Amino acid sequence: MKLLKSLVAAGSVLFSLNAVAASNYQDWWGDASKDGMGLNVGHQGNVLAVSWYHFGTDGKASYVLLAGTLDESGMLVGDLQSATGSAPGPAYNPGSVQRNVIGMGKLHFLSDTSATFEYTINGVSGSMNLTRFSMASPALDGTYYVATEYRWSDCTNASDNMPFPDVMENDVRITGKGNGVYAVKIDTCEGTINLTQSGSILSGQGALTCLSGTLKGTTMVFERVRRIENNLNVDYSIKYDPPFGCTEKGTMGGVRSDYLQNLYPLYPF
């Protein structure tokens, strides 16, 4: 059973590091002051494919495409392309599709939840201040079997600092209380956290009380909380009160325990 749990945990960590630790901007983005236009961003690896929907000079719905490699600063610069072709239906002819460069675009991600888009299209320039669209609240409630990669720093006793990451396995239970407030239980620590949604990710902070050893009342921050099917991924930091006084920073990757139980009914999770 321990081996199976370890394998599941290791897989969770790998999923977490790939899905969360590196920023992923795939979502719908828009500017609240510019109703009627926005961006649909596809993100795979370091390649983006962006569809910018808006209204054309004739007042009808239109869109242009921007695609390319995201650089290390979080910026994509490239041609804006429009396309023409035949209408959907039995007479649709993919060979009639034609693409034309009609301008330039620069998409710059400033954080996980904010970006700017500057464009020149058919000789007209403008810009948008973008945030992720929030269309549906993710269901976080549940108990998750997680593996956590973490470090300790800024400890009261410098010998407690952990310069290299360690991995631990435990259960995390999350219960929604309404209005973005969630009760969180991590091993022997319990508390509440207020999460704010931005598109497909959530973030926030709260208080955590640990009942064993030297881990006393703490402040915790959750960043890039994502629920993808039965997987939960969280970047987090916890500041422990004295006498321990350390800051724990890490990444949690977990799988819903009931989902694992259905997969492996002979093993208790």
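Enquirer: It is not clear to me how the pattern of salt bridges should be interpreted in this structure. Could you clarify?
Expert: Proximity of charged atoms lets side chains of opposite charge pair with each other. Per the counting criterion, the structure on display carries 6 salt bridges. The closest approach of N and O atoms between R132 and D27, which form a salt bridge, is 2.9 Å. Here R132 is found in strand 8 (residues 124–132), whereas its partner D27 is found in strand 1 (residues 27–30), with 105 residues between them in sequence. Note that D31 is salt-bridged to K34, the shortest N-O span being 3.7 Å. Under the relative-accessibility criterion, D31 is labelled buried at 9%. By sharing partners, the salt bridges in this structure join D112, R224 and D235 into a single network.

Enquirer: Sorry, what's going on with the environment of T113 here?
Expert: Along the chain, T113 turns up in the loop between strand 6 (98–109) and strand 7 (114–121). Note on T113: relative accessible area 27%, which makes it partly exposed. T113 sits 84 residues away from W29 along the chain, and the two C-alpha atoms are 9.1 Å apart. Sequence-distant contacts of T113, that is, excluding residues within four places in its chain, are made with W29, L130, T131, R132, S198 and I201.

Enquirer: Teacher, can you tell me more about the confidence of the model for the chain here?
Expert: Parts of the prediction with low pLDDT should not have their coordinates interpreted in detail. Across the chain, pLDDT averages 87, with 89% of residues at or above 70. Across residues 1–21, confidence stays below pLDDT 50; counting only partners more than four residues off in sequence or on other chains, it has 40 contacts.

Enquirer: Would you take a moment to explain the pairing of strand 14 (residues 218–228) for this structure?
Expert: The side chains of a regular strand alternate between the sheet's two faces. Sheet topology note: the strand 13 (residues 201–210)/strand 14 ladder contains 6 bridges and is antiparallel. Looking at the pairing, G206 lines up with M220 of strand 14.

Enquirer: I'm lost on a nonpolar patch on the surface in this one. Help?
Expert: A grouping of W28, F133 and M135 is seen on the molecular surface, where their side chains present a nonpolar patch of about 320 Å² in accessible area. Checked against the element boundaries, M135 lands in the loop between strand 8 and strand 9 (142–153).

Enquirer: Help me out: how do you make sense of the sheet that holds strand 12 (residues 189–198) in this one?
Expert: The strands making up a sheet associate through hydrogen bonds between their backbones, and the pairing can be parallel or antiparallel. Around the barrel, which closes on itself, the 8 strands sit in the order 9-10-11-12-13-14-15-16 with antiparallel pairing between neighbours. The mean inter-strand angle of the sheet, taken between neighbouring strand axes irrespective of direction, is 30°.

Enquirer: Help me understand the state of the cysteines in this model?
Expert: Note on terminology: disulfide describes a covalent bond linking the sulfur atoms of two cysteines. A complete count under the given rule lists 2 disulfides for this structure. One disulfide bridge connects C155 with C246, the sulfur atoms lying 1.9 Å from each other. Across the disulfide from C155 to C246, rotation about the S-S bond amounts to roughly 120°, and the bridge is consequently right-handed. Residue C155 is located in the loop between strand 9 and strand 10 (166–178), and its partner C246 is located in the loop between strand 15 (231–240) and strand 16 (247–256); the two are separated by 91 residues in the primary sequence. Shown here is the disulfide that connects C189 with C210, its sulfur atoms set 2.1 Å apart. One quick way to see it: the torsion about the S-S bond of C189 and C210 is about 110°, and its sign makes the bridge right-handed. Taken together, the residues C189 in strand 12 and C210 in strand 13 connect sequence positions 21 residues apart.

The rules behind each value
- Residues numbered from 1 in each chain as written.
- Predicted model: local features only at pLDDT ≥ 70, side-chain atom pairs only at ≥ 80, totals over all residues.
- Heavy atoms only, no water.
- Salt bridge = Lys/Arg side-chain N within 4 Å of Asp/Glu carboxyl O.
- Helix = DSSP H or I, 4+ residues; strand = E, 2+ residues; numbered from the N terminus.
- Buried < 20%, exposed > 50% of the residue type's maximum accessible area, 1.4 Å probe, protein only.
- Contact = heavy atoms within 4.5 Å.
- pLDDT = per-residue confidence, 0-100.
- Pairing = 2+ DSSP bridges.
- Patch = residues over 30% accessible without salt bridge, like charges linked within 9 Å, V, L, I, M, F, W, Y side chains within 5 Å.
- Areas by Shrake-Rupley, 256 points an atom, 1.4 Å probe, with all protein chains shown as cover.
- Axes fitted to C-alpha atoms, helices over the stretch in contact; angles between N-to-C directions.
- Disulfide = S-S within 2.5 Å.

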